[in-house]
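Notes for the structure review
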Amino acid sequence: MKTVLITGANKSIGFETARQLLQQGYFVYLGCRDIKKGQEAVDQLHSEGLNQVEPIEIDVDDFESIKAAREVLGQKTKVLDVLINNAGISGNMPQAPLETDISVFKQVFETNFFGVIEVTQAFIDLLKKSPEPRIVNVTSGLGSLTLHNDPAWKHYQVKPTSYVASKAALNAYTIVLAYDLRDTAFKINAVDPGYTATDFNNHSGPGTVPDAAARVVKAAILGADGPTGQFFSDDNVPETGISPW
């Protein structure tokens, strides 16, 4: 049975991603900042007959929490097949480039960028023991610098500065990480779940949580012939599902 760790998985897209991977036979370690909320999420999945799941307390903003989660997971399994870096925040809005306080930038980058790096580095040893390791970095269509410079793009006027910058940085990390591990069995990709109705955006998005999670799952279960170092976004480019960086 393949194993997966999902950060920020006690609700919304992360939770639905856990549900869909459980339905496909994966054992899910459901990452959450609040272990009580994580257990409640696990109890919900158990009530649906999805039992191969356990909560793992992990706060991606706290390196000590990340190290502790690595120790706990290492006691439960010697191999991690999939890491889904799903935890993320938008930061206080609006985020004009000249008016946004630097503390907002630091907070958003801590979760969306630095946290991903620290989690990936902490769990890479377990991933390297998998015959088909996968890393999925949940990004945003707003992380595309190319499209942000295109007045014809449908989201051209949506520019929350710190959030955009953090996701662009995450995309850059995805590129160089995939390159660094290019001669291995790793498949490392960035996935835009799309503009989805969640707490993240006050349920303003038109997309559904199951559809968003399915995009993440698709990258998590890529076969040996699947791509690596890609930016998947059905929202940005529905014709191909591949977004420009």
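Here, the structure is the one placed above.
Residues numbered from 1 in each chain as written. Predicted model: local features only at pLDDT ≥ 70, side-chain atom pairs only at ≥ 80, totals over all residues. Heavy atoms only, no water.

A closer look at the nonpolar core
Core analysis: the largest hydrophobic core is formed by 31 residues, its most contacted members being Leu 73, Leu 80, Phe 123 and Ile 135. Counting only elements with at least two residues in this core, the list comes to strand 2 (27–32), helix 3 (63–76), helix 4 (102–127) and helix 6 (161–180). The greatest single-element share of this core, amounting to ten residues, is contributed by helix 4. Leaving out residues up to four positions away in the same chain, Leu 73 has contacts with Leu 5, Tyr 29, Ile 56, Leu 80, Phe 123 and Leu 126. Core analysis: the second largest hydrophobic core is formed by 25 residues, Ala 9, Tyr 26, Leu 45 and Ile 84 among them. (Core = buried A, V, L, I, M, F, W, Y, C linked by side-chain atoms within 4.5 Å. Buried < 20%, exposed > 50% of the residue type's maximum accessible area, 1.4 Å probe, protein only. Helix = DSSP H or I, 4+ residues; strand = E, 2+ residues; numbered from the N terminus. Contact = heavy atoms within 4.5 Å.)

Considering the packing of aromatic side chains
The full count for this structure, using the stated rule, is five aromatic pairs. Between Phe 109 and Phe 113, the ring centres sit 6.0 Å apart and the planes meet at 80°, which makes this aromatic pair edge-to-face. Here the residue Phe 109 and the residue Phe 113 both occupy positions in helix 4, the gap between them amounting to four residues, near one helical turn. Here the aromatic rings of Phe 113 and Phe 114 are separated by 5.3 Å at their centres, their planes lie at 55°, and the arrangement is tilted. A cation over an aromatic ring shows up here: Lys 159 above the ring of Tyr 156, its NZ or CZ 4.0 Å from the ring centre. (Phe/Tyr/Trp six-rings, centres within 6.5 Å; stacked < 30°, edge-to-face > 60°. Lys NZ or Arg CZ within 6 Å of the ring centre and 35° of its normal.)

Digging into the environment of Tyr 29
Within the secondary structure, Tyr 29 is located in strand 2. Each C-alpha atom, one on Tyr 29 and one on Val 53, is 5.8 Å from the other, the two residues being 24 residues apart in sequence.

Structural notes on the pairing of strand 2
With six of six residues buried, strand 2 is to be regarded as a mostly interior element. As judged from the four bridges shared by strand 1 (residues 3–6) and strand 2, these two strands associate in the parallel manner. Within the sheet, the bridge partner assigned to Ile 6 lies in strand 2 and is Leu 30. Taken together, the five bridges between strand 2 and strand 3 (residues 53–57) define a ladder with parallel strand orientation. Residue pairing in the sheet places Val 28 in a bridge with Val 53 of strand 3. In this view, the connection linking strand 2 to its parallel neighbour strand 3 by way of helix 2 (residues 35–47) has right-handed handedness. (Pairing = 2+ DSSP bridges. Right-handed = clockwise from strand over helix to strand, strands pointing away.)

So, helix 1 (residues 12–23)
For helix 1, which comprises twelve residues, the first-to-last C-alpha distance of 17 Å matches the rise-based estimate of 16 Å (1.5 Å per residue) to within 8%. With respect to burial, helix 1 is a largely interior element, ten of its twelve residues being buried. Among all positions in helix 1, only Ile 13, Gly 14, Phe 15, Glu 16, Thr 17, Ala 18, Arg 19, Gln 20, Leu 21 and Leu 22 are buried. The elements touched by buried residues of helix 1 are strand 1, strand 2, helix 2, strand 3, strand 4 (82–85) and helix 7 (209–220). Just downstream of helix 1, Gly 25 is the residue with a positive phi angle, here 95°. (Expected span 1.5 Å × (residues − 1).)

A look at the packing of helix 3 against helix 4
Viewed as axis vectors pointing N to C, helix 3 and helix 4 meet at an angle of 25°, and their least axial separation amounts to 10 Å. One way to sum up the angle between helix 3 and helix 4 is to call them roughly parallel. Of the two elements, helix 3 crosses helix 4, and the hand of that crossing is right-handed. Between helix 3 and helix 4, the contacting residues are Phe 63, Ile 66, Ala 69, Arg 70, Leu 73 and Gly 74 on the first element and Gly 115, Glu 118, Val 119, Ala 122, Phe 123, Asp 125 and Leu 126 on the second. Per-class residue counts for the contact of helix 3 with helix 4 are eight nonpolar, two polar and three charged. (Axes fitted to C-alpha atoms, helices over the stretch in contact; angles between N-to-C directions. Parallel < 35°, antiparallel > 145°, perpendicular 65-115°, else oblique. Left-handed = near helix turned anticlockwise from the far one by under 90°. Nonpolar A, V, L, I, M, F, W, Y, C, P; charged D, E, K, R; others polar.)

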